[in-house]
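Fold and geometry: a report
Below are the chains, spelled out letter by letter.
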Amino acid sequence: MGAVDVIIVGAGTAGLGALREVRKRTQRFIIINDGPWGTMCARVGCMPSKALIEAAGEFHRRLVFSELGLSGSDGLRVDLGAVLARVRKVRDAFVNETRELTDDLGERAISGRARLRGPHAVEVGGRVLEAGSIVVATGSRPAVPADWRALSDRLLTTDSLFEQTALPSRLAVVGLGPVGLEMAQALARLGVQVTGFHAGRTIAGLGDGPVNDMALETLRHELEVHLGHEARPTAEGAGLRVTAGSASAVVDRVLVAMGRTPCVEGLGLENLGVPLDEKGLPEVDRATLQVAGLPVFLAGDANAEVPLQHEAADDGHIAGINAVSASTRRFVRRTPLSIVFSDPTLARVGLRFDALDQARVVVGEARFADQGRARIMLRNAGLLRLCANREDGTLVGAELFAPEGEHLAHWLAVAIHRRSTVFDLLRVPFYHPTVEEGLRTALVEAAKQLPNGDGFPLLAMPSE
Ligand SMILES: Cc1cc2nc3c(=O)[nH]c(=O)nc-3n(C[C@H](O)[C@H](O)[C@H](O)COP(=O)(O)OP(=O)(O)OC[C@H]3O[C@@H](n4cnc5c(N)ncnc54)[C@H](O)[C@@H]3O)c2cc1C
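This report concerns the structure included in the present document. The structure presented is a predicted model; accordingly, all values stated were derived computationally and were not measured.

Glancing now at the sheet that holds strand β14 (residues 247-251). Here three strands make up an open sheet; going across it, the order is β12-β13-β14 and the pairing antiparallel. Two strands close off the open sheet at either side, each with one partner strand: β12 (232-236) and β14. On average, each strand axis in the sheet is tilted by 25° relative to the strand beside it, whichever way the strands run. Two elements, β12 and strand β13 (residues 239-244), share five bridges in a ladder whose sense is antiparallel. Residue pairing for β13: Glu236 is matched across the bridge by Gly239.

Of the pockets and cavities examined, the second largest pocket occupies roughly 470 Å³. If you trace the second largest pocket, you find 21 residues lining it, with Ile53, Glu54, Ser342, Asp343 and Arg379 closest to the centre. For the lining of the second largest pocket, the secondary structure elements donating two or more residues are α3 (46-60), α8 (178-189) and α12 (405-417). Per element, the largest residue contribution to the lining of the second largest pocket is six residues, and it comes from α3. In the lining of the second largest pocket, the residues fall into five nonpolar, six polar and ten charged.

A few words on empty space enclosed by the protein. By the definition in use, this model includes one cavity of 30 Å³ or more. The space that makes up the largest cavity amounts to roughly 30 Å³. Leu176, Leu181, Ile203, Leu216, Leu219, Leu223 and Val225 are the residues that line the largest cavity. Residues that form the lining of the largest cavity fall into these classes: seven nonpolar, no polar and no charged.

Moving on, we get to the site of the ligand. Every one of the 33 residues lining the ligand counts as a neighbour, but Ala14, Asn33, Asp34, Lys50 and Asp301 are closest to it. Gly12 is positioned with one of its backbone polar atoms (N or O) 3.5 Å from an oxygen atom of the ligand. Contacts to the ligand include Asp301, whose side-chain N or O atom sits 2.8 Å from an oxygen atom. For the ligand, whose accessible area on its own is 1,000 Å², the fraction buried by protein is 91%. Contributing elements (two or more residues each) for the shell around the ligand: α1 (13-25), β2 (29-33), α2 (40-44), α3 and α10 (309-323).

Moving on, we come to the packing of α3 against helix α5 (residues 80-99). The geometry of α3 relative to α5 is characterised by a closest axis approach of 9 Å and an angle of 145° between their N-to-C directions. Judged by the twist between their axes, the crossing of α3 over α5 is right-handed. Of the residues in α5, those in contact with Met47, Pro48, Ala51, Leu52 and Ala55 of α3 are Val83, Leu84, Arg86, Val87, Val90, Arg91 and Phe94.

The next subject is the pairing of β14. Residues Ala247, Ala249 and Val251 line the buried face of β14, whereas the alternating positions Ser248 and Val250 sit on a face that is not buried. Pairing geometry for β13 and β14, over five bridges, is antiparallel. Opposite Ala244, over in β14, you have Ala247 as the bridge partner.

Let us now look at the environment of Glu404. Along the polypeptide, Glu404 turns up in the loop between β22 (395-402) and α12. Look at Glu404 and you get partly exposed, because its relative accessible area is 36%. Beyond its immediate sequence surroundings of up to four residues, Glu404 is in contact with Thr345, Met377 and Val435.

A word on the pattern of salt bridges. When the charged atoms of two side chains lie near each other, side chains of opposite charge can form a pair. One pass over the structure, following the stated rule, counts 29 salt bridges. The shortest N-O distance in the salt bridge between Asp314 and Arg334 comes to 2.4 Å. Within this pair, whereas Asp314 is found in helix α10, its partner Arg334 is found in the loop between α10 and β18 (337-340), the two being separated by 20 residues in sequence. Using a relative accessible area of 52% as the deciding quantity, one classes Arg334 as exposed. When the shortest N-O distance is used, the salt bridge between Asp354 and Arg352 registers 2.9 Å. Note on Arg352: relative accessible area 29%, which makes it partly exposed. One salt-bridge network, in which partners are shared between bridges, spans Arg189, Glu222, Asp343 and Arg379.

Describing two packed helices takes the angle between their axes plus the distance from one axis to the other. α8 packs onto α3 with a crossing angle of 40° between their chain directions and a minimal axis gap of 8 Å. Put simply, α3 runs oblique to α8. The handedness of the crossing between α3 and α8 is left-handed. Every residue of α8 that contacts α3 at Ser49, Lys50, Leu52, Ile53, Ala56, Gly57, Phe59 and His60 is listed here: Glu182, Met183, Ala186, Leu187 and Arg189. Class assignment of the residues belonging to the contact of α3 with α8 gives a composition of seven nonpolar, three polar and three charged.

Definitions and limits used
- Residues numbered from 1 in each chain as written.
- Predicted model: local features only at pLDDT ≥ 70, side-chain atom pairs only at ≥ 80, totals over all residues.
- Heavy atoms only, no water.
- Pairing = 2+ DSSP bridges.
- Helix = DSSP H or I, 4+ residues; strand = E, 2+ residues; numbered from the N terminus.
- Axes fitted to C-alpha atoms, helices over the stretch in contact; angles between N-to-C directions.
- 1 Å grid on protein atoms, 1.4 Å probe; cavity = no way out; pocket = protein on both sides within 12 Å on 5 of 7 lines; lining within 4 Å.
- Points joined across faces, edges and corners; volume = space filled by probe spheres on them.
- Nonpolar A, V, L, I, M, F, W, Y, C, P; charged D, E, K, R; others polar.
- Near = heavy atom within 4 Å.
- Polar contact = N/O pair within 3.5 Å; in protein donor to acceptor, adjacent residues only side chain to side chain.
- Areas by Shrake-Rupley, 256 points an atom, 1.4 Å probe, with all protein chains shown as cover.
- Left-handed = near helix turned anticlockwise from the far one by under 90°.
- Contact = heavy atoms within 4.5 Å.
- Buried < 20%, exposed > 50% of the residue type's maximum accessible area, 1.4 Å probe, protein only.
- Salt bridge = Lys/Arg side-chain N within 4 Å of Asp/Glu carboxyl O.
- Parallel < 35°, antiparallel > 145°, perpendicular 65-115°, else oblique.

By themselves, these figures tell us nothing about what the structure is for.
Written out as structure tokens, the structure reads:
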């Protein structure tokens, strides 16, 4: 095979995003993937995790049935084997859909582990392939330190969790970032006795103290959580003991969710002749995904920038476009948005609170314990906090732990993206009774702290 225009390494969300753009512009490309085809998101990430959470959330609702006047909930049981089988069934359907994107590529889709030989050459299966440019989209894998890896069959990661046909009665979840927290709560709701350990003080990547405190207080009703110390495993009988500071728990197995490491080991990035940081990564321009002026683009989790599905997809599209363009185009990146599918939902939008100059912003907040719709739904827990510029009321960031929070977070993302002010948002209708009225409460509180905000009319549009 002669030189092609582009080689894409990795057929995950980012690699397939790049493929979509490349295919529109040239047919002279190759995509190489190591391991199973079908994205990580579909196989062991977003989709199976949400399928597990769905079963857990539905089962958990039984606890409010009698309050709603519905009897018989004590007869409900979890069949964990059936829950996990359904997770895999859903997962398989999503995997098949992503595979359709590469199924017709014939020789242009190569299975194997690729290694860069330089900015125009990739080695795979003993062959060296040449290309005008290369998109590297090799993703990430669970970070598992050596002392945890030594647990072998008592160790679970999200790569193995959804393959289980049964789960132990006692499980430690080590790492309560977004993934660990989602799985810890879901498994606890499905009847596993979960103990969570987290080395930091804020969970799920939160930056704001009060939202973090509220989330912890609420989640501690469902699972035991230990913060602030690194956890260590030691063998104990057929199980193991996990110790962190003065806290410890004896469990049957452990789910290690200590974050993810970019898959760049053995990838040959050192052959690009550019400096690599301590993670083995070159500097990447987020607006172009280009590596140091080379015809090489590093996209998705592999660049360790924002390890989220929609950002990986964007990365892939940007890298794909630039890989086949005569000149490199710069792209404006989206408003930051991250959602953790806990219950209530945790989300962060826009700028991080801990990165803001507190003297230049006002904060409006709403508590969901008393919020009308949340009370009706018996989902009345949570806190939403939003931040706006003190000078002109432009919304800049929000953190929330709220019922229906994924929708509130999108609302706020639209507002922040459009540079809306608190007053702009207060002009839109808020239907009654909705959870969105909680957002309005926070907006009103912020407005009161802004110049001329105290008398802002709430029930009608101000006249022009
Ligand atoms: C449990 C879990 C839940 C998640 N939930 C969410 C969520 O709800 N929302 C969200 O936005 N994000 C979520 N994420 C994150 C999201 O899944 C990732 O950000 C996204 O899938 C990354 O896509 P990618 O293309 O970078 O990597 P991948 O999809 O992992 O693709 C990389 C591909 O490259 C291949 N590869 C690696 N090395 C080589 C090599 N040397 N040669 C050839 N091929 C190679 C890999 O085998 C893989 O097929 C979750 C992640 C996890 C683990």
